[in-house]
Structure formats: C-alpha cells, structure tokens
Amino acid sequence: MGAATRKKVQKKFKIRGYTLKVEALDEILYFLSHFQDAEDEAIDLLLDELENESLKSSILDKASVHRVVSLLLEAEAAVEESPNAISHRSPLRIVDAFLLPKFCYDPIRKIFHENTGRLSIHGDASAKSALYRNRFLLLFQRLSRDEHFTKPAFDTETSHFGSCEISPIQSLIGQTGRRWVMGVISQLEDGHFYLEDLTASVEINLSNAISFTQLFFPINGWDIGLYALPEVGFFAENTIIVAEGQMLLDGIFQHPMRSYDDIKVICHEDCKDIEGNKHSFMTNLQVSTCGFPPLEDRDESLASLSGLDFFGGGILTREETLRLAELEKKAVNDMFVILSDVWLDNEEKTMGKLATVLDGYENVEVVPSLFIFMGNFCSRPCNLSFHSFSSLRLQFGKLGEMIASHPRLKEHSKFLFIPGPDDAGPSKVLPRCALPNYLTEEFKKNVPNAIFSSNPCRIKFYTQEIVLFRQDLLYRMRRSCLVPPSSEETSDPFEHLVATITHQSHLCPLPLSVQPIIWNYDHCLHLYPNPHTIVLGDRSEQKAFKYTGIMCFNPGSFSNDSTFVAYRPCTQEVELSAL
C-alpha cells in the first residue's frame, strides 16, 4: 500500500475521531488489500463496524481493529463461496420509518455519530429535550457551512454588514456591533412564547399584533416593532429562525431601514439573563433581517456526512451508484400512481372510481411500476367509537380481489399502503406504524406482494430519494401560524408550506401539543439531506411545486375530489390527474 492510501486512512479515521497506532494502521492496510478496487467503501464499512463496538478509547490499537477486520473478512469469504453471490441492488427499495438509523450531531467534534442503542417508544424526559436539541443542531451545522455565516479568517471590511457569525442569545447583553442569532420559537409556559437557543431564552408576547406590516411584541419589557414580514413560509411555534441585530446602549431608537424586509426592535427595562437576574438599563436592539435558515445544496450536505446513510436506503458503492444512474436514464417509462384518501367503505363512489383507474392502467402499453395508496382508508375516524373493523377488513379483501382481476397490474406492479391520520393504529402520534395485520390479511391473499409501510415512508428508486407523508398539514400549519405569511413572493399556501418544511428540514415543525411525535423517533421526520421528491398527502387542493430543485406535490383527496397523481421519478414529471 502506498503513502497516499496511508494518508487517506488516517484522514478518514481522524474525521470520525479516531487516532491510529502503527500496528492498527498496518492491520487496516491488510484489510484494504482485499478490496483494492473499492478502498473508500471498505474504509467506510470498517468505520461503521467500529462505531458498533464498545471501544474503551478513541486511540485504536491492533487488537480492537483486528477483531472487526476478522469478522468482515469472514463475511466476505462466505459471500464468495455462495453460488448465488451476485452483487445486485433492487431499483426500488421501500424504507419503513421505524427502521431508519438515528444520527446525532456532536458540536464539539463537529461530526455526526449513529445511535447504536435500542430506541424506546416511551422515552424518558431527556428524550424530549434531545428532540429539540437535535433539531436545532441539525440546522446549526448546516448554517455553519453557509458562506454568508462563516467567520472570516481575517478581520477585513468586506462589507458594511460585518461578520455573519451566529452569536448565542446569552451573549447579546453588553455586546456592541451587529450580531446574528439563531433561535426556536417556543411556548415554555401557557400563553407565553419564547425565542431560545441552547444558551438562553427570551419571552415574547404576540397578543399586540396590529397589522400585517407593523407588529409589536413586548419581550420582558422589550417592545419589538416588526415593520415587514419574511417573503415565504409559516412562522409558527417550534420553527427556527435566523435574525440579524445590533445592541446599542445609548437608548436612542434609530430608524435606518434599508428595505421592505427590515425589522426594528427596542429593548428596555428589567431585562433578564439566563439565570433570571434582572438588569435595569436602556438598550436598543435593531434587527434588520429575519428569516428561516438558508437551504444547503444536496451534494454539499452529502459531502459533509462522510458516507453516512441518513435516508436509510443503504450505502451504495461507487460502482453501484454509477450502474444505477445508467439504468435510471433508461427507465423513463417507470411511473408511480399516487392516490390519497381512498375510502374503502364508500363502495358506490370511491370503489367505482378506483375500478376506473385500474382499468385504464391495465390497458396501457407499460403498466405503472408502483401504486401508492395513502389513507385514510375509511370515511370515519377509526377511534374508540369505531366498531366496524370487521367490515373494513372485508373491504380490504374486496380491494384485493379488484386488483387481482387485473392480471397485468398484479404481475408487474407493486402496491404500497401508507396509513392516514385517522386510520386504525395504536395512536395518532407520528411516526405511525403500518396498518394492523387483522385488516390486511384478506387483501394479502389476493395480492401477496403488497407492502404495508409506516407514515411517513421513504422510497429509494435507483438514485432518486422520495419521501411520502400523509397528514392534513396545511390546515394545521395555517392555524398555528403566529405571523401571517407575506404575499409579496406568493399567495399560494401550499408554496408557503413547502418552503417551511424544506428550510426547517422537518416534515412536521408543529408544536407537540398540536401534533404529538414519538420523542425517540423524531429523526424519522427529518428532511436532511434534501430528498429529490416530497409527496405531501393532504385533503387540500391538488398542487405541485418545485422549490430549490425539490419536487413537492399533493395528490389531493381521491374520495372527495377524484384527484390523483401520475409521477415519473426519473424525470420528476408530475401529471395532475382527475376523473
């Protein structure tokens, strides 16, 4: 092995926080000699296996490395001896939310590490605080790579804005000059809203909002006047914002408003530090820009993750990625048909329309690769007052018979079912598990290759990453919005919704009191790195919107509006369809 390979190994292990002794390095080079055509993938595999080991120290010796190397070489030998050992990746992989790996960001080592322990459904109190901390750190590490928020190497006057380095909220008191802060809007007490980061929190009160263009909020005696609104997005509780401001000690309210998106803040009297101590002084905080943390290009996010599999579709070797990319270019005829709100108990209306859809696709030249049925599957909520589960089970059986009567679809298409917010299940908390086996047994007898997955659910199609989520999110986001969104850029609520979830890198940035989430499984709703496509099943109007390269669409309500979507993932072409 050459010097370049040695340096590469040492660099990759250092990124993961390991220091190699000479004997450990020799052992790793021996391991890599078996994979000369895929050294990078072999190093990543070895590092991933080491993460699962209970290591006593980050300084690796020969013994700790040899144990993992031996296991990997034995597994490789077993595969080579198998007569059916053919390297093959299915072009379509469906990932259940509860099987996603969980990664947490370490702000000290500045790396992500995988949680290898068992995740409990009923987490303790620390799991709830970790939920908010992980959301904040995920966006913070993304923001720290943005060129506008990178601390300059030299103190130069490149612009009159100065450095955009993020400052902790706690450090604002007593500081002069412009500062950038990043915080989450929280309701720590009933009726009292706070802006907080990992160091401090400041109470805000939104009860005095008087208009769209000028809002005033008292913050522990601070009067905040908001003279303009951000262009897109719903600013609700639990959303994370970035703001630029300046703390002045002369008590003079200045009004150097540069543009329509400027914001003014005056702070005075009884300001509290993080320990709750009062400081009586007159201070002026002038906030001149406010908005969501900027997005990061998908390729840049992937480059910073050192090969970690956030999506859950498995890590592809370079050869597999190139092979799938070539096959993807040829798969222009592959199509997904997506329907939401398929009420099986409405035989006259819904089942008749569904038969029309299946008849139509049975007779096309190339049948769809995948049919996606999103809940709700019943016109009434399946709660404690619902006593027709046996009837719903029969309806699923009839749907299976209907699909089985279309031989081309049954043979060549796959069928994926995702539960809705009112479907049968243990609770309405997110993520939701798949539909109970009791309801689907009769269906599986007719369509044995059907897949029943969680909500949300993920699909890896060749190299495309697709996230599916069924929730009436638009209505809830509009109800929870603290500041009405601006219509300067767009007046379409769906576009505001798409901007919100993509900038927040989260499918449901709502308060836990509005939409409960399993604390230990909040990572299942993360949108990082940015997927290629997001499907938001919602009862609202059918829509499609491409935002910063991410295709987002809502298939609409099939039972109410007779709408559905035909989607070609390789070209990101969306056909808004209706009967």
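The rules we used
- Residues numbered from 1 in each chain as written.
- Predicted model: local features only at pLDDT ≥ 70, side-chain atom pairs only at ≥ 80, totals over all residues.
- Heavy atoms only, no water.
- Helix = DSSP H or I, 4+ residues; strand = E, 2+ residues; numbered from the N terminus.
- Buried < 20%, exposed > 50% of the residue type's maximum accessible area, 1.4 Å probe, protein only.
- Contact = heavy atoms within 4.5 Å.
- Areas by Shrake-Rupley, 256 points an atom, 1.4 Å probe, with all protein chains shown as cover.
- Pairing = 2+ DSSP bridges.
- Phe/Tyr/Trp six-rings, centres within 6.5 Å; stacked < 30°, edge-to-face > 60°.
- Salt bridge = Lys/Arg side-chain N within 4 Å of Asp/Glu carboxyl O.
- 1 Å grid on protein atoms, 1.4 Å probe; cavity = no way out; pocket = protein on both sides within 12 Å on 5 of 7 lines; lining within 4 Å.
- Points joined across faces, edges and corners; volume = space filled by probe spheres on them.
- Nonpolar A, V, L, I, M, F, W, Y, C, P; charged D, E, K, R; others polar.
- pLDDT = per-residue confidence, 0-100.
- Polar contact = N/O pair within 3.5 Å; in protein donor to acceptor, adjacent residues only side chain to side chain.

The secondary structure content of the chain amounts to 14 helices and 28 strands. In the chain, which comprises 579 residues, the proportion classed as buried is 50%. Across the chain, every contact between residues at least 6 apart in sequence was considered, and the portion connecting residues at least 24 apart equals 70%. A total of about 27,200 Å² of accessible surface is found on the chain, and carbon and sulfur atoms cover 52% of it.

This paragraph deals with the sheet that holds strand 20 (residues 451-452). Read from one edge of the open sheet, six strands run 20-19-18-17-27-28, paired in mixed fashion. Unpaired on one side and paired on the other, strand 20 and strand 28 (573-578) mark the two borders of the sheet. When strand 17 (residues 336-340) meets strand 18 (residues 370-374), the two strands line up parallel, connected through five bridges. Considered in strand 18, the bridge of Ser340 is made with Met374.

Along strand 22 (residues 464-470), seven of the seven residues are buried, which leaves the element largely enclosed by surrounding structure. In strand 22, alternate side chains face the same way, and those of Gln464, Ile466, Leu468 and Arg470 on one face and Glu465, Val467 and Phe469 on the other are all buried. The sheet contact formed by strand 21 (residues 457-461) and strand 22 spans five bridges and is antiparallel. Residue pairing for strand 22: Phe461 is matched across the bridge by Gln464.

Enumeration over the complete set of coordinates arrives at 28 aromatic pairs. Judged by centre distance (5.0 Å) and plane angle (85 degrees), the rings of Phe112 and Phe310 are edge-to-face. Of the two residues, Phe112 is situated in strand 5 (residues 111-114) and Phe310 in the loop between helix 6 (298-304) and helix 7 (318-330); the sequence distance between them amounts to 198 residues. In this structure Phe310 comes out as buried when scored by relative accessible area, which is 12%. Three or more aromatic residues joined by ring pairs make a cluster, and in this case those are Tyr361, Phe371, Phe373, Phe377, Phe396, Phe415, Phe417, Phe443 and Phe452.

Turning to the pattern of salt bridges, a few remarks are in order. Under the definition given, this model contains 22 salt bridges. A salt bridge links Arg539 to Asp341, with the shortest nitrogen-to-oxygen separation between them at 3.7 Å. On the criterion of sequence distance, the pair formed by Arg539 in the loop between strand 24 (533-537) and strand 25 (543-547) and Asp341 in the loop between strand 17 and helix 8 (347-362) is long-range, its members being 198 residues apart. Since its relative accessible area comes to 0%, Asp341 is described here as buried. In this structure, Lys398 and Glu347 form a salt bridge, with 3.2 Å as the shortest nitrogen-oxygen distance. Residue Lys398 is located in helix 9 (residues 389-404), and its partner Glu347 is located in helix 8; the two are separated by 51 residues in the primary sequence. Where salt bridges share partners, they join Asp341, Asp422, Lys428, Arg470, Asp472 and Arg539 into one cluster.

Let us look at empty space enclosed by the protein. Across all of its chains, the model carries four cavities of 30 Å³ or more by this definition. Approximately 130 Å³ is the volume attributed to the largest cavity. Lining the largest cavity are 15 residues, with Phe103, Leu138, Phe310, His523 and His526 sitting closest to its centre. Every element with two or more residues in the lining of the largest cavity is listed here: strand 4 (103-106) and helix 5 (125-143). In terms of residue class, the lining of the largest cavity is made up of 10 nonpolar, three polar and two charged. Lys102, Phe103, Ala127, Ala130, Leu131, Asn134, Trp519, Asn520, Asp522, His523 and His526 are the residues that line the second largest cavity. In terms of residue count, helix 5 provides more of the lining of the second largest cavity than any other element does, four residues in total. Considering only residue class, the lining of the second largest cavity consists of five nonpolar, four polar and two charged.

Cis geometry marks the peptide bond from Leu430 to Pro431, where omega comes out at -10 degrees. On the secondary structure map, Pro431 appears in the loop between strand 19 (414-418) and helix 11 (437-446). Tyr528 connects to Pro529 through a cis peptide bond whose omega is -10 degrees. Locating Pro529 in the fold gives a position in the loop between helix 13 (493-504) and strand 24. With phi around 55 degrees, Gln572 is a residue other than glycine that occupies positive phi space.

This paragraph deals with the confidence of the model for the chain. For the chain, the mean per-residue pLDDT works out to 81, and 82% of the residues sit at or above 70. When the criterion is pLDDT under 50, residues 158-162 qualifies, and its contacts beyond four places in sequence or with other chains add up to five contacts. Counting contacts from residues 207-230, a segment whose pLDDT is below 50, to residues more than four positions away or on other chains yields 76 contacts.

Turning to the environment of Asn455, a few remarks are in order. Tracing the backbone shows Asn455 in the loop between strand 20 and strand 21. According to the relative accessible area criterion, Asn455 is buried, its value standing at 0%. In this structure, the C-alpha to C-alpha distance between Asn455 and Pro431, residues 24 residues apart in sequence, is 5.6 Å. Setting aside chain neighbours within four positions, we find Asn455 in contact with Ile418, Pro419, Leu430, Pro431, Arg432, Leu468, Phe469 and Arg470. Side-chain polar atoms of Asn455 contact the backbone oxygen of Arg470, separated by 2.7 Å.

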